[in-house]
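Observations on the model geometry
Below, each chain spelled out in residue letters.
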Amino acid sequence: MLVMSKQKTFLILDGNALLHRAWHAVPQTMTTSDGTVINAAYGFTNILERMLDLVKPDEMAVAWDLPGKTFRHDEFEAYKATRVKKEQELYDQIPIIQSILTDYGIPSLSVPGYEADDILGTIAELNKKHGIKTMIVTGDMDALQLVDDTTHGLYFVKGISETKTYDPAAVRERYGFDPLQLIDYKAIAGDSSDNIPGIAGIGEKGAKELIAQFGTIEGIYEAVEKHPEMLKPALLKKLAGQKKHAMQMKRLVTIVRDVKLPKFDAEVKPRDPAKLVKKFRALEFRTLLKKYEHDLDDAPTPREQEGRSMASSEAISNVALKDLGTDKLAIVLESQAEDLFGATLRSVSLADGESTCTIDLPKADDLEAIKQKLAKAKLIIGHDIKAMMHALKMPVTDFASHVRHSGKLFDTMIAAYLLNPAARGYELSMITQQAFGQSRTDVGALLLLHKKLGTELAKEELTKIMEEIEMPLLPILYDMEVAGVKLDTDFLSELSKTMNADLTKLTKKIIKEAGREFNVNSPSQLAEVLFEDLQIPNIGIKRTKTGYSTAADELEKITDLHPIVPMISEYRELAKLIGTYVDALPSLVARDGRLHTTFNQTIASTGRLSSTNPNLQNIPIRTEQGRAIRKAFIAEKGNVLLALDYSQIELRIAAMLAKDKPFLQAFKDGADIHTRTAAEVWDLPEDQVTKDQRRAAKAVNFGILYGMGARNLAKSTGLTLQEAKQFIEKYFEIHHAIKDYIDETKTKAHTDGFVQTLFGRKRYFPEINSGVPVLIAQAERMAVNMPIQGTQADLIKMAMVDIGAWMEKEQVDAKMLLQVHDELVFEVPKTDAEALGQKIKSIMEHAATFDVPIIAEVKIGKNWGEMEG
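Below you will find a few notes about this structure. (Residues numbered from 1 in each chain as written. Predicted model: local features only at pLDDT ≥ 70, side-chain atom pairs only at ≥ 80, totals over all residues. Heavy atoms only, no water.)

**Looking at the pairing of strand S10 (residues 355–360)**
In the case of a regular strand, side chains alternate between the two sheet surfaces. Among the six residues that make up S10, five are buried, leaving the element largely enclosed by the rest of the structure. The sheet contact formed by strand S7 (residues 317–318) and S10 spans two bridges and is parallel. Bridging across to S10, asparagine 318 finds its partner in threonine 356. Alignment of strand S9 (residues 345–351) against S10, held across five bridges, turns out to be antiparallel. Paired with leucine 350 across the strands is cysteine 357, a residue of S10. Between the antiparallel neighbours S9 and S10 lie three residues, among them glycine 353 with a positive phi of about 105 degrees. (Buried < 20%, exposed > 50% of the residue type's maximum accessible area, 1.4 Å probe, protein only. Helix = DSSP H or I, 4+ residues; strand = E, 2+ residues; numbered from the N terminus. Pairing = 2+ DSSP bridges.)

**Looking at helix H31 (residues 691–703)**
Its 13 residues place the ends of H31 18 Å apart at the C-alpha level, agreeing with the 18 Å of an ideal helix rising 1.5 Å per residue. Considered for burial, the residues of H31 that qualify are Gln693, Ala696, Ala697, Ala699, Val700, Asn701 and Gly703. In this fold, the buried residues of H31 make contact with helix H28 (649–658), helix H29 (661–669), helix H30 (673–682), helix H32 (710–717) and helix H33 (721–734). (Expected span 1.5 Å × (residues − 1). Contact = heavy atoms within 4.5 Å.)

**A word on the nonpolar core**
With 181 residues, the main nonpolar core has Ile331, Ile370, Leu374, Tyr646 and Phe826 as its most contacted residues. Isoleucine 331 has contacts with Val348, Ser349, Leu350, Ile370, Leu374, Ile380, Ile381, Gly382, Met388, Leu392, Val443 and Leu446, leaving out every residue within four places of it along the chain. Of all hydrophobic cores here, the second largest spans 53 residues; its members include Leu144, Leu146, Tyr155 and Ala170. (Core = buried A, V, L, I, M, F, W, Y, C linked by side-chain atoms within 4.5 Å.)

**Some words on helix H20 (residues 428–436)**
An α-helix turns once per 3.6 residues; consequently, residues spaced three or four apart project the same way. For H20, the complete set of buried residues consists of Leu428, Ser429, Met430, Ile431, Thr432 and Gln433. Buried residues along H20 sit in contact with helix H13 (273–283), helix H14 (286–293), helix H19 (412–419) and helix H21 (443–459). Looking one or two places after H20, you find glycine 437, whose phi comes out positive at around 80 degrees.

**Points about the packing of helix H8 (residues 181–189) against helix H9 (residues 203–214)**
At a minimum axis separation of 9 Å, H8 and H9 run at an interaxial angle of 140 degrees. If you check the angle between H8 and H9, you find them oblique. Relative to H9, H8 is oriented so that their crossing is right-handed. Along its contact with H8, which presents Gln181, Asp184, Tyr185, Ile188 and Ala189, the element H9 presents Gly203, Glu204, Ala207, Lys208, Leu210 and Ile211. Its residues placed into classes, the contact of H8 with H9 shows six nonpolar, two polar and three charged. (Axes fitted to C-alpha atoms, helices over the stretch in contact; angles between N-to-C directions. Parallel < 35°, antiparallel > 145°, perpendicular 65-115°, else oblique. Left-handed = near helix turned anticlockwise from the far one by under 90°. Nonpolar A, V, L, I, M, F, W, Y, C, P; charged D, E, K, R; others polar.)

**Regarding the sheet that holds strand S12 (residues 408–411)**
Pairing is mixed across the open sheet formed by six strands, whose spatial order is S7-S10-S9-S8-S11-S12. Each end of this open sheet is capped by a strand with a single partner; those strands are S7 and S12. Across the sheet, H19 touches strand S11 (379–382) and S12, and the angle it forms with S12 is around 65 degrees.

**Some points on the environment of methionine 135**
With respect to the helices and strands, the residue methionine 135 is situated in strand S4 (residues 133–138). In the structure, methionine 135 is positioned 683 residues away from leucine 818 in sequence and 55 Å away in space, judged by C-alpha atoms. Once residues within four sequence positions are removed from consideration, methionine 135 is found in contact with Phe10, Leu11, Ile12, Val55, His152, Gly153, Leu154 and Thr165.

Listed below in structure tokens is the structure:
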């Protein structure tokens, strides 16, 4: 019996085309901790991974253009002369990508005087002779001329996620003629991206008609010369005298198929996880790193890794748990799941600097002994200690009391965050790779990290932030996560019915306005309705591959042009509330009937806390529906919710940072700050300020520090553009110190590479001198914003620590439940609510001493949505 062998496939990538696609698909804000822009390298690597998994090629290579001129420039000097050079950071990523390709075992091919397309053509031609199938991956449609029965093109049609494969039939379906005829088509129609002029006055439509009728340029000019009656007089006039030019253009756009290539090995070999892990750690490709870390065939077991690492760490001998010292204890947990909450522990390792103890598959009595040992430690060193305490089920009172009275914590994850708050992750493997040049996750590495990071914190003057804010806060957050907040699921069930009914009514209104049925959730169908059926002007609206964009910021531009637009925005907001909160929250309630969120200390680069699983900090409060959701957060019977929030804290901090006398005086006077600002700008008595004038002043007060310009002010207030410009000019005349603060902070960020809060927390901006305009502008905005938001974050954290200490000392019957930006929420006995509110208010207002009074406002209610002061 004859066995047919599988036809081999050669995968060839157009390096430059995919580089540019990745550059635009992945935000340029993606950088390593030292500020190196890596967005294109990351996007390219993901393309590479996807192609390897999708095509499963037998052979593979990547073709690259070289800097400098090619034979096409020699023939036509203006070839590609209109190409705009991209930022240098794009080209700097080519060596990074080629180094990644080397680690995959994939050759990079380039030939002086030729383009990547010519290499694609040559590879395809060689493969055809040897019976090998070729798959070309590119974003450049020029390569479609190479498509035939053995060569197909795989094109990205949306970012780097959506692809389309072209065989000869697909090319004919798109253009109406065969792949080879694309050469003649482009020569006639021209191509502005390559500065190919084509034949003047014909264009794409005319070129398609000519190719469909005559096949080639040669066929067209045979008709011109021998059968002019076959052409319209106007077209004949355009073609006359252009044959030599047309043939030159044809030579320029024809891909060469006989380039002399250097020797290379294209055989696809199994990916080497060790090489890729090392590369991805260096580049901080977290997702790809996780994929290959699990594939390391020679990865040591936890015990073996521990043994290998101890030689270079402080701990050198294995002892029983009882024999470990308690001056300092480093601890590492290994679980069977990434999430330590409720996970089964595989092992717990502890080290005291001289000895180690590892307990595999710890039982209940082992865990109890570990907790008792930790309770005696003067210093606990760990990575994500809060998650460890959850895994160990550490009693909340024991943990908090120990930290406050007899011991300290050193969390290497939080230390790394303080030293680089803009990093994309703080996994132990990545931090040790950066610190020691090798990835380690053992307990000995924690001891070494404690020394190294502790030294760096001291050098950067961040020790106080670490020891007096972040570490004392850690057990407070642990307590809050364990406590959770009670959720009224019956209320949410009813709210879901009401909101879904509202959504149905809104859908009917939208359909009525549209004049026909369509899927409101479909961006393409919505764009069709808005810009084709209803003829809403699309000037200034961004285009996507499938048509005009209907993203929220684009709809904002046309919100006043048709009643359907605000309806769409309302529909989306309502649908989001239902899906994200109303229907989702009940499924997250634990057995105790309470919702347990996770508070993160290492997410926001300003120092603010964030909330995940679920995120309780983003429930909107400005809309009626958003406030309704908050009503589902309730207190246990006999208790009430107590909420305190800082009043206009960011403006007060901005006034202090800028030393702005008018603002400082207004706050000392206890004035309504927005009314005072409006009165100053319009030169009116405060009692004559209108609501509209106060609203405009409020918009500027809160927006000016975050880059609000006249156009946005006009849009948000109803002022004309000229009025908005005059308002901002007058505002800065009065508050010139605010303008000086903005300018000086930007300058400091450029000069020093960082800015800091009033308490010393730092945010570094390695990208601010990158040369990439979008990165520079973003860094400048964040530099102005960070000292304000960061100081606010420090203040509320300090207040939480003080409140926690007071609650423990006085044995207060209350639970701190939530922290949402400027607000703290507690559950307290109804009878004690007033007194507790006043005490906590005093603690919050005196957590730090400022040049202006700090005011905390108290509210009490049976639920979070209905609270009264």
